[in-house]
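A closer look at the structure
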Amino acid sequence: MPSSSESVPIAPQLFAIANQKGGVGKTTTAINLATALAAVGEQVLLLDLDPQGNASTGLDCVRTSQIPGLSVMPASVSLAGAEIELIDLERREHRLEDALNAAGSDARQRWSIILVDCPPSLGLVTLNALVAVDAVLVPLQTEFLALEGIGAIANTVERIKKRLNPRLHIAGVVLTMVDRRMTLSQQVEADVRQHFGELVFGTTIPRNVRIAESPSHGLPVLIYDNACAGSQAYILLASEFIRRRRTAAEPAQNEADHEPVP
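We now turn to the structure provided with this report. Note that the coordinates shown come from a computational prediction; the quantities given were computed from them, not determined experimentally. In this convention, every chain numbers its residues from 1, walking through the sequence in written order. The model is predicted, so local features are restricted to residues of pLDDT at least 70 and side-chain atom pairs to those at 80 or more, both for listing and for counting; the totals for chains, interfaces and linings are taken over all residues. Derived side-chain values reflect all non-hydrogen atoms in the structure, with water molecules and hydrogen atoms excluded from consideration.

For the rest of this paragraph, the subject is the pattern of salt bridges. Just to be clear on terms, a salt bridge is a Lys or Arg side-chain nitrogen sitting within 4 Å of an Asp or Glu carboxyl oxygen. Throughout the structure, instances matching the rule amount to 11 salt bridges. The partner of R181 in a salt bridge is D179, and the shortest N-O contact between them spans 3.0 Å. We classify R181 as exposed; its relative accessible area is 76%. We call a residue buried when its accessible area falls under 20% of the maximum for its residue type, exposed when it is over 50%, and partly exposed in between, using a 1.4 Å probe and counting protein chains only. A relative accessible area of 10% places D179 in the buried class. With a shortest N-O distance of 2.9 Å, E189 and R180 are connected by a salt bridge. Exposure remark for E189: the relative accessible area of 10% places this residue in the buried category. One salt-bridge network, in which partners are shared between bridges, spans R108, D134 and R167.

Each helix is a run of H or I in the DSSP string that is no shorter than four residues. Each strand is a run of E no shorter than two, and both are numbered from the N terminus. The buried count for strand β5 (residues 135-141) comes to 7 of 7 residues, which makes it a mostly enclosed element. Residues A135, L137, P139 and Q141 of β5 are buried on one face, and the alternating residues V136, V138 and L140, pointing to the opposite face, are buried as well. Relative to β5, strand β1 (residues 14-17) runs parallel, the two being bridged by 3 bridges. Considered in β5, the bridge of F15 is made with A135. The pairing of β5 with strand β6 (residues 170-176) spans 6 bridges and is parallel. The partner of Q141 across the bridge, within β6, is T176. Classification remark: right-handed applies to a crossover when, strands pointing away from the viewer, the course from the first strand over the helix to the second runs clockwise. As a crossover connection, the stretch from β5 through helix α7 (residues 146-163) into β6 is right-handed. The pairing criterion is simple: DSSP has to find at least two bridges between the two strands.

Here we take up the side chain of S214. Locating S214 in the fold gives a position in the loop between α9 (209-213) and α10 (221-224). Residue classification places S214 among the buried residues on the basis of a relative accessible area of 2%. Contacts were defined at the residue level, with two residues in contact if any of their heavy atoms lie within 4.5 Å. Once residues lying within four places of it in the same chain are set aside, the contact partners of S214 are L219, P220, V221 and Y224.

Stacked, edge-to-face and tilted are the three classes for Phe, Tyr and Trp ring pairs, Trp counted by its six-membered ring, which pair at centre distances within 6.5 Å; planes under 30 degrees apart are stacked, over 60 edge-to-face, the rest tilted. Considering all chains together, one arrives at 1 aromatic pair under this definition. A ring is scored as having a charge over it whenever the NZ atom of a lysine or the CZ atom of an arginine sits within 6 Å of its centre and within 35 degrees of its normal. If you follow R244 out to its NZ or CZ, it ends over the ring of F201, 4.0 Å from the centre.

In this section: helix α8 (residues 183-196). Take the number of residues in a helix, subtract one, and multiply by 1.5 Å to get its expected span. Given a rise of 1.5 Å per residue, 14 residues ought to cover 20 Å, and the 20 Å separating the end C-alpha atoms of α8 matches this to within 8%. Along α8, the residues classified as buried are S185, V188, E189 and V192. In a view along the axis of α8, the buried residues occupy a sector of 100°, so they form one face of it. Summarising the geometry of α8, the exposed residues directed more than 90 degrees from the buried face are T183 and Q194. Packing partners of the buried residues in α8 comprise β5, α7 and β6. The arc in question is traced by the directions running from the helix axis to the C-beta atoms.

With that settled, the discussion passes to a nonpolar patch on the surface. Nonpolar side chains (Val, Leu, Ile, Met, Phe, Trp, Tyr) are joined into patches within 5 Å and like charges within 9 Å, using only residues with over 30% relative accessible area and no salt bridge. In these tables, accessible area is a Shrake-Rupley quantity obtained with a 1.4 Å probe, and a residue counts as shielded only by the protein chains included in the view. Residues F144, L145 and L184 make up a contiguous nonpolar surface patch of about 320 Å² in total accessible area. Mapped onto the fold, L145 is located in the loop between β5 and α7. Note on L145: relative accessible area 44%, which makes it partly exposed.

So, on to unusual backbone geometry. The phi torsion at M177 lies on the positive side, around 55°, for a residue other than glycine. Tracing the backbone through its elements, the reader meets M177 in the loop between β6 and α8. Residue M177 is classed as partly exposed on the basis of its relative accessible area, which comes to 24%.

All quantities given are derived from atomic positions and should not be read as evidence of function.
Below you can see the structure in the form of structure tokens.
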């Protein structure tokens with residue numbers, strides 16, 4: 001049983017930001033959620049697994065970013081070849097997990113939150129991410145066929161949970177590019193909330209020109225224009241994300257508190 005001076009780690013810690021459908025604001029969410037979490041005092045690592053390296057581009061391609069508390073592990077185009085190279089390797093689905101858990105790795109101790117930006121496909125790179133992480137965040141654009149997209153990633157998560165990673169689950173769905181002036185956007189949001197209930201974050205990310213402009217300046221929108229609606233939405237999302245993590249950790253805390261003393 002932990003002493004009163006010890007605390008049970010808040011879980012989950014590693015999150016894949018994934019959706020098998022492209023163009024849903026996945027990388028934008030990875031960059032700006034990571035920035036917002038660092039801004040409120042978390043030690044964050046953004047791990048870029050997209051061969052296009054978009055998350056790295058959005059943070060100036062540096063390992064230690066200009067944002068205190070935020071580090072980036074950049075991707076490169078060589079990741080595109082990883083799909084072929086991994087095929088013949090032993091434990092090919094576990095290579096990222098093994099690297100994070102290898103002797104001498106201090107990833108879990110050094111960073112309180114690790115976000116993994118995944119490619120928009122279900123190849124071996126994305127599979128490695130889903131095997132390595134604790135949970136998945138699903139950005140979902142409020143457009144036609146949105147439910148079909150989340151259905152695909154939900155089925156993938158269930159299959160991986162059964163076969164390769166029993167702790168894997170969807171931690172939440174983030175609605176992106178929301179435009180409440182449009183009837184379709186309102187209807188999709190209502191449908192998603194009806195189907196997935198509390199799994200959907202209360203905070204939504206609006207369609208915002210500043211969010212679209214910021215990558216061309218090599219900056220998260222929170223640095224590019226911290227007063228815009230997009231920045232404020234990501235700050236609120238980070239707050240809700242932290243509350244959800246604490247709620248998820250409560251059963252582990254309660255269980256530890258009630259363990260018998262050896």
